[in-house]
Amino acid sequence: MTDVTDGVLHTLFRSDQGGHEQVVLCQDRASGLKAVIAIHSTALGPALGGTRFYPYASEEEAVADALNLSRGMSYKNAMAGLDHGGGKAVIIGDPDRIKTDKLLLAYGRFVASLGGRYVTACDVGTYVADMDVVARECRWTTGRSPEKGGAGDSSVLTAFGVFQGMRASAQHLWGDPSLRGRTVGIAGVGKVGRHLVEHLLEDGAQVVITDVRHEAVRSIADKHPSVGVVADTDRLIQAEGLDIYAPCALGGALNDDSVPVLTAKIVCGAANNQLEHAGVEKDLADRGILYAPDYVVNAGGVIQVADELHGFDFKRCKAKAAKIFDTTLAIFARAKADGIPPAAAADRIAEHRMAEARRP
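Description of the structure in this document. (Residues numbered from 1 in each chain as written. Predicted model: local features only at pLDDT ≥ 70, side-chain atom pairs only at ≥ 80, totals over all residues. Heavy atoms only, no water.)

### Things to note about the sheet that holds strand β4 (residues 85-92)
- The sheet built from five strands is open, its strands ordered β1-β2-β4-β3-β5 with mixed pairing. Each of the sheet's edge strands pairs with one partner strand only, and the pair in question is β1 (22-28) and β5 (118-122). When strand polarity is set aside, the average angle formed by the axes of neighbouring strands in this sheet is 20°.
- Bridge count for strand β3 (residues 47-54) against β5 is five bridges, and the pairing is parallel. (Pairing = 2+ DSSP bridges. Helix = DSSP H or I, 4+ residues; strand = E, 2+ residues; numbered from the N terminus. Axes fitted to C-alpha atoms, helices over the stretch in contact; angles between N-to-C directions.)

This is the structure:
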């Protein structure tokens, strides 16, 4: 057994980051599907979380990502007040090269085989049209198109929730929820980031963006000439006058390299698993940087797809997502009262809810 595999098994069975109920390795040679479905917890209800389609460097890396993401979904769903546990799936490969209906249908059959223990939705590399295909084989699929009875693009409310988290952060730190005149740097202007730009501009903020995909940057810049553009994330996080940093791409944005040079006073973004390792939250606090826990502020999307299971109502979902403002403020208050970083305060609140649900 390789050291990497030992590491994954240690995480799953013996570390504090583990505790998963079930991990399923899926393969369909005919379509080229290789996938991992991780169910972290069903204490609050069926596990709910998206499907990530990504060209991982190795199968072990994919398993590790599924474990981390599914655990994060347990905490996210608990903090969002949903009657769902945490789960996540990853499909291994470049979606631009290998994604086909045949592959998605095969994936749908694997999700269906779990009998409702896991409910899937969109994530990085998967879209509403993909969920429509998956749903042909699996009724435990959300994030479908309105034409198919679904809620459509969940990134709309994800961005709205992040915006509410920013407003709460501004209220806590500066005594005013308005972002007018504040400079916000967004790393990643894809499905969520582009909607976040709109909210910020409407509120009067100055926006600076970067993205590895030049076409995404160009689309924003063409529509909004006032938006600033920098070459990469390193330059963004060190920009002079930056008030808020919004990581909206992949995880690990807050690490031993980025935190010491970060100029912003607030970090609030849509990316999952922003803290690269334990202890980064304390490093942020030691530098006087207010961190809005990612799984709290980016919960708008999961609120939307959860509502789809009961007959989607956008107005109802938006009202629920607006409460992210109050939830974020409550976390900051708990952190201050307990003398701990906000990330630890959010964990305590989520863990308490899950523990209460497990009691007979």
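After presenting the structure, the write-up continues.
### Focus: the pattern of salt bridges
- A complete count under the given rule lists 18 salt bridges for this structure.
- The salt bridge partner of Glu21 is Arg117, with a shortest N-O separation of 3.2 Å. On the criterion of sequence distance, the pair formed by Glu21 in the loop between α1 (3-13) and β1 and Arg117 in the loop between α4 (101-112) and β5 is long-range, its members being 96 residues apart.
- On the accessibility criterion, Glu21 (40% relative accessible area) is partly exposed.
- Classification of Arg117 by relative accessible area gives partly exposed; the value is 30%.
- Asp211 is the partner of Arg213 in a salt bridge, and the nearest nitrogen-oxygen pair spans 3.0 Å. (Salt bridge = Lys/Arg side-chain N within 4 Å of Asp/Glu carboxyl O. Buried < 20%, exposed > 50% of the residue type's maximum accessible area, 1.4 Å probe, protein only.)

### Re helix α8 (residues 214-223)
- Regarding α8, the residues found buried are Ala216, Val217 and Ile220. The buried side chains of α8 occupy one side of the element, clustering within an arc of 95° when seen end-on. Turned more than 90 degrees away from the buried face of α8 sit His214 and Asp222, all of them exposed.
- Elements that come into contact with the buried residues of α8 comprise α7 (193-202), β7 (206-210) and β8 (228-229). (Arc of directions from axis to C-beta. Contact = heavy atoms within 4.5 Å.)

### Considerations on the sheet that holds β7
- The six strands lie next to each other as β8-β7-β6-β9-β10-β11, forming an open sheet whose pairing is parallel. Each having just a single partner strand, β8 and β11 (290-291) make up the two edges of the open sheet.
- Of the strand pairs in this sheet, strand β6 (residues 183-187) and β7 are connected by five bridges, and their pairing is parallel. Within β7, the residue paired with Ala187 across the bridge is Thr210.

### Structural notes on unusual backbone geometry
- A positive phi angle, close to 50°, is found at Asn273, a residue other than glycine.
- Residue placement: Asn273 occurs in the loop between β10 (266-267) and α10 (280-286).

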